[in-house]
Each structure stands twice: as C-alpha cells, then as structure tokens.
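# Structural features, examined
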Amino acid sequence: MIKTKRFLAVTLFLAAGLALPGAKAQDISGVLDSRLSLAALSGKGDGFSWGFEEAANVRLQAKLRDSAAFYSAVNLIAAAGSFARNAAGMGASMLAAAEADGGGLAPSAFVSGANYLGALELERLYFRISGDYAGFDAGLMRIAFGYGQVWSPSDFLNPRNPLLPDARPRAVLGAAFMAYPLDDAKVQVFGAAPENPLNAGGGGAIFGLSAENHWERVSAQLLCAYETPQENYAAGPAAQDSPAGGNNGSEYGVHRWGLSLKADLALGLVADALFTWKPGAGIGAAGLSAGAGFDYSFADGNCYALLEYLFNGSESSTSKASDPLTGFSNRNYLYALFRYSIGDYSSASLGCIASLDDLSFTPVAGFERELFQGFTLSLSAQLPLDRDALARDGKRGELGPLPPGVSQGNRFIFTAKARLRF
C-alpha cells in the first residue's frame, strides 16, 4: 500500500506540473536507457555476473509568464542481476544510516517485483525567477561550480566520478540568488540544507558566495563556503558518524575556498582547486583537492584528446572520507581519453583512469553509433588492473580488480546500452 501511494504521488506530481495555472508552455522530455552488462568476478565468488536495467529520466519544464519557470525530473528504474544487487546494497546502507539517526525513516525507494527491483526517485524539483540583472532559484536542484571536465574538485555539492559516467550529478535542497553586474560577470549567494535530512537543528547547513567573470578567451571563478558545525543533531552524537549525515570533524564548522580557471587557446586549458579547512585540525595538504589538464581537437575535429590530473587530499572534497560513493582513497590520479569520430554518426574511444600511488588503473574502451535521430547504441569495456593482476605479487590497488578491503570485485566489465531520447 505504501509503495502504491508513492507511485500515485509521483504520477500526481507530474500531472500537477502540466496543469500549472498561467503556464505559457509545457515541455516533457527525457532519456530511456536500456543497459545489459556482463562481468568476470574477482575475489569471493569467482565466476560471472550479469545485469539488466531499464532506467528513464523524465523531465518536465513549464514556463510561467515571462520571468518564471518550473522544473522537475524523476528517475524510473527497473533492474535485475548485478544492477539490482548494487541497488539493494545501497538501499540497505541507507536504511542502516537512517536507523542510526534515530528517525525510523527508510530513505530507500526500491520495491521488489516478480523478477526485478524497481525504484522511483525524485531527482529535480525547483523554480526559477529570471530578470535582466538578477535571478533566483530554489528547490531540489544542482548548484554547480568549477570548469573541470573530469574531476571538478570545487563542485563539492555535486561530486562526480569518471568511473560512473552515466550518473547525473545529484541535486541538493537549497536556494541561490544570482546577480549580473556586467554582461560577462556573475555573483551568486547560495545556501543548502544539511546533508543529513533528519537533522532538524541546522547543523551542517552550507552557505556561500561565488563570483565569476568571462573574458574573450579566459574565465575565472572564486568560491567561498561555510558549513555550520554538526554538533546539534536531534538524535545525538552517534548520528554524526552515520553515512547519511557524515561528520565534519570540527565544532567550529568547515570552511571551503575554491578557484577555477579555464582558457580557450591552442589547447583548452583548465585548473580547478578547492581547499577544505576544519578549524582545530590544522592547515595542510589533507584538505586540498586540485585538478589541472587540457583537451584538444585536431584532424578537422575528428580526433579529440583529453588529459587531466588530480591531487586528492585525504580530507578534501574528492576524498572517500567526504563521499564514500564518488570519492577516492589515494593522492595522485590521472585521467586520459582519446576519441575518434568515424563519419557523422559513429565514434570510438579509449580512456584510462590511473592511481599513480599504488599503480592501479582501469582502461575503458568504447564505441558509439547513432542508429537514427534520438536513438544511440553504445558499447563499453572496462579492464581493472593493478600490480597483483599483472605480476601476482599480492599488491592490490584501488582501481584494480579487487581493491583492498573488498571481498569481491570485477576483472572485466562489458556493458551495452541503448539510449532513446524523447
């Protein structure tokens, strides 16, 4: 009954958007991904695994008169095999986190069917008011920072991971006021609710200011943010260590300063850095996450190359301590990509993400073909490698087939995906 009510709520939410009073235009769009994967397992339960997933991201946009707009998006997912096992594992961890917080609320939206695991997820829900010199956004939305194409350390509210290329950056519940003092300048004041949604005391709320300017070939952005101390959870100190709420580790809160630069010269250059400081913990490289790299198109645009480096401090925005899902454990990483366009409708690519500290890396080969307008077929293969996989010396790496502290990994992953845009 609860799951039925949840489905009806999402349906009514979509219908309500279509009937917004005063709406001048409504637009429904989205993508439907059909994914099939086959993996060779490593570690506990050596063998093979398969997975099948049908996932749709449905987006609704409604223009309200001349200066306002409503935006929303939901994810609809049906999964079996390895995709379902991964989803169930995430749901279990979220339930454990909720119970640790004392709220008795299971944030998981997964429901079991006859041969699938299904989910309904609210992804975006916000409004925008736009003017000639100012604007205001509020709701469940993305508040993005930085120009990095791969790592983007300063985008701490919406972290990305190159090993999860299909994942859309998550949203945060917040608000942002934007002012445009010059044609190429923007100043933004923003705020976001605490990461732990059950925290009613306000600890962990984030407030900040950013400013950016665009010149003819160079763009720059500055960022300053403050996270209030997470000492006043209603559920007590134990909740601060839960996966849902995290623990900022300072009774004085957390300060963040960011700088992002990009230049469109012979090469496309980018540099992005965010420094995280917890008063009382000292100032050092542990709080620094910094990336730099370039991209370049040549051979009449048929060839594209990208190279980007990341320094990852142990307490920085890109560390596993900050985000167990998208974060990394080591310090130095390198990402490289080469893509070749085969005619107007096909392309082949070869990429690799490498940890320079433990000499582990994951090459990724891909092929993409647009079969007709709005329908694309893509194939990808990942081959995690480390020193143990190559030399059998027992030295496992973070990006290898069986990372340290993990009982089961993957020696090879093949994925086929059909994407339909509507």
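Residues numbered from 1 in each chain as written. Predicted model: local features only at pLDDT ≥ 70, side-chain atom pairs only at ≥ 80, totals over all residues. Heavy atoms only, no water.

Each helix and strand in the chain was counted, giving three helices and 19 strands. Expressed as a percentage of the 422 residues in the chain, the buried residues total 41%. A separation of at least 24 residues holds for 55% of the contacts in the chain among residues at least 6 apart in sequence. Total accessible area on the chain stands at roughly 22000 Å², and carbon and sulfur atoms take up 62% of it. (Helix = DSSP H or I, 4+ residues; strand = E, 2+ residues; numbered from the N terminus. Buried < 20%, exposed > 50% of the residue type's maximum accessible area, 1.4 Å probe, protein only. Contact = heavy atoms within 4.5 Å. Areas by Shrake-Rupley, 256 points an atom, 1.4 Å probe, with all protein chains shown as cover.)

A separate point is unusual backbone geometry. Of note in the backbone geometry, Ala-299 takes a positive phi value of approximately 55° without being a glycine. By secondary structure assignment, the location of Ala-299 is in the loop between strand E13 (288–298) and strand E14 (303–312). Although it is not a glycine, Leu-359 sits at a positive phi angle of roughly 55°. Along the chain, the position of Leu-359 falls in the loop between strand E16 (346–355) and strand E17 (360–372).

Moving on to the packing of aromatic side chains. Each aromatic ring pair is summarised here by two numbers: the centre-to-centre distance and the angle between the ring planes. Inspection of the entire model under this criterion finds 11 aromatic pairs. With centroids separated by 6.0 Å and ring planes inclined at 50°, the aromatic side chains of Phe-127 and Phe-136 adopt a geometry described as tilted. Taking relative accessible area as the criterion, Phe-127 reaches 36% and is therefore assigned partly exposed. Its relative accessible area of 31% is what places Phe-136 among the partly exposed residues. With 5.6 Å between their ring centres and 75° between their planes, Trp-151 and Phe-328 make a pair best called edge-to-face. Of the two residues, Trp-151 sits in the loop between strand E6 (134–141) and strand E7 (172–179) while Phe-328 sits in the loop between E14 and strand E15 (332–342), which places them 177 residues apart along the sequence. Classification of Trp-151 by relative accessible area gives buried; the value is 3%. Exposure remark for Phe-328: the relative accessible area of 3% places this residue in the buried category. (Phe/Tyr/Trp six-rings, centres within 6.5 Å; stacked < 30°, edge-to-face > 60°.)

On to the environment of Thr-318, then. If you trace the backbone, Thr-318 turns up in the loop between E14 and E15. Residues Thr-318 and Gly-287 lie 31 residues apart in sequence; the distance between their C-alpha atoms is 9.7 Å. With residues up to four places along the chain from it excluded, the contact list for Thr-318 reads Pro-153, Ser-289, Leu-310, Asn-312, Gly-327 and Phe-328. There is a polar contact of 2.8 Å between the side chain of Thr-318 and the side chain of Ser-289. (Polar contact = N/O pair within 3.5 Å; in protein donor to acceptor, adjacent residues only side chain to side chain.)

Turning to the nonpolar core, a few remarks are in order. Membership of the largest hydrophobic core comes to 17 residues, with the highest contact counts inside it found for Ile-143, Phe-145, Phe-156, Leu-157, Phe-190, Ile-206 and Leu-223. Secondary-structure elements contributing two or more residues to this core are strand E3 (68–81), E7, strand E8 (185–192) and strand E10 (218–227). Broken down by element, this core gets its largest block of residues, three residues, from E7. With near-sequence residues (within four places) excluded, Phe-156 lies in contact with Phe-145, Ile-206, Leu-223, Ala-225, Arg-256, Leu-274 and Ser-317. Counting residues in hydrophobic clusters, the runner-up holds 11 residues, among them Val-150, Trp-151, Tyr-333 and Ile-353. (Core = buried A, V, L, I, M, F, W, Y, C linked by side-chain atoms within 4.5 Å.)

Counting all residues, the mean pLDDT for the chain is 85, and 83% of those residues have values of 70 or more. Under a pLDDT of 50 for its full length, residues 1–5 has, in the predicted model, three contacts with residues more than four places off or in other chains. For the stretch residues 232–247, pLDDT sits under 50, and the model shows 34 contacts to residues farther than four places along the chain or on other chains. (pLDDT = per-residue confidence, 0-100.)

Now for the pairing of E14. Most of E14 is tucked away: seven of the 10 residues are buried. Pairing analysis gives 10 bridges linking E13 to E14, with the strands arranged antiparallel. Bridge assignment links Ser-297 to a residue of E14, and that residue is Tyr-304. Where E13 folds back onto E14 in an antiparallel hairpin, the turn is made up of four residues, including Ala-299, whose phi is positive at roughly 55°. Of the pairings in the sheet, the one linking E14 to E15 comprises nine bridges and is antiparallel in character. What sits directly across from Leu-307, in E15, is Ala-336. (Pairing = 2+ DSSP bridges.)

In the structure shown here, the tally under the stated rule is seven salt bridges. Between Arg-256 and Glu-227 there is a salt bridge, with its nearest N and O atoms 3.1 Å apart. Of this pair, Arg-256 sits in strand E11 (residues 254–264) while Glu-227 sits in strand E10, placing them 29 residues apart in sequence. Residue classification places Arg-256 among the buried positions, given a relative accessible area of 13%. Exposure remark for Glu-227: the relative accessible area of 8% places this residue in the buried category. (Salt bridge = Lys/Arg side-chain N within 4 Å of Asp/Glu carboxyl O.)

What follows covers the side chain of Ser-152. Examined against the element boundaries, Ser-152 turns out to sit in the loop between E6 and E7. Ser-152 gets classed as buried once you look at its relative accessible area, which sits at 4%. Side chain to side chain, Ser-152 and Arg-160 meet in a polar contact 3.1 Å long. Once residues within four sequence positions are removed from consideration, Ser-152 is found in contact with Phe-145, Gly-146, Arg-160, Asp-272 and Glu-308.

Following the sequence through the fold, Val-172 ends up in strand E7. Along the primary structure Val-172 and Ala-193 are separated by 21 residues, whereas in three dimensions their C-alpha atoms are 7.4 Å apart.

Quick look at the side chain of Glu-398 now. Here Glu-398 is to be found in the loop between helix H3 (387–391) and strand E19 (408–421). As a buried residue without a salt bridge, Glu-398 has its nearest oppositely charged side chain in Lys-320, at a separation of 5.1 Å. Side-chain polar atoms of Glu-398 contact the backbone nitrogen of Ser-329, separated by 2.9 Å. Within the structure, the side chain of Glu-398 is placed 3.2 Å from the side chain of Asn-330, a separation counted as a polar contact. What Glu-398 contacts, discounting residues up to four positions off in sequence, is Gly-327, Phe-328, Ser-329, Asn-330, Tyr-333, Asp-358, Ser-360, Pro-403 and Pro-404. (Lys, Arg positive; Asp, Glu negative; His and termini not counted.)

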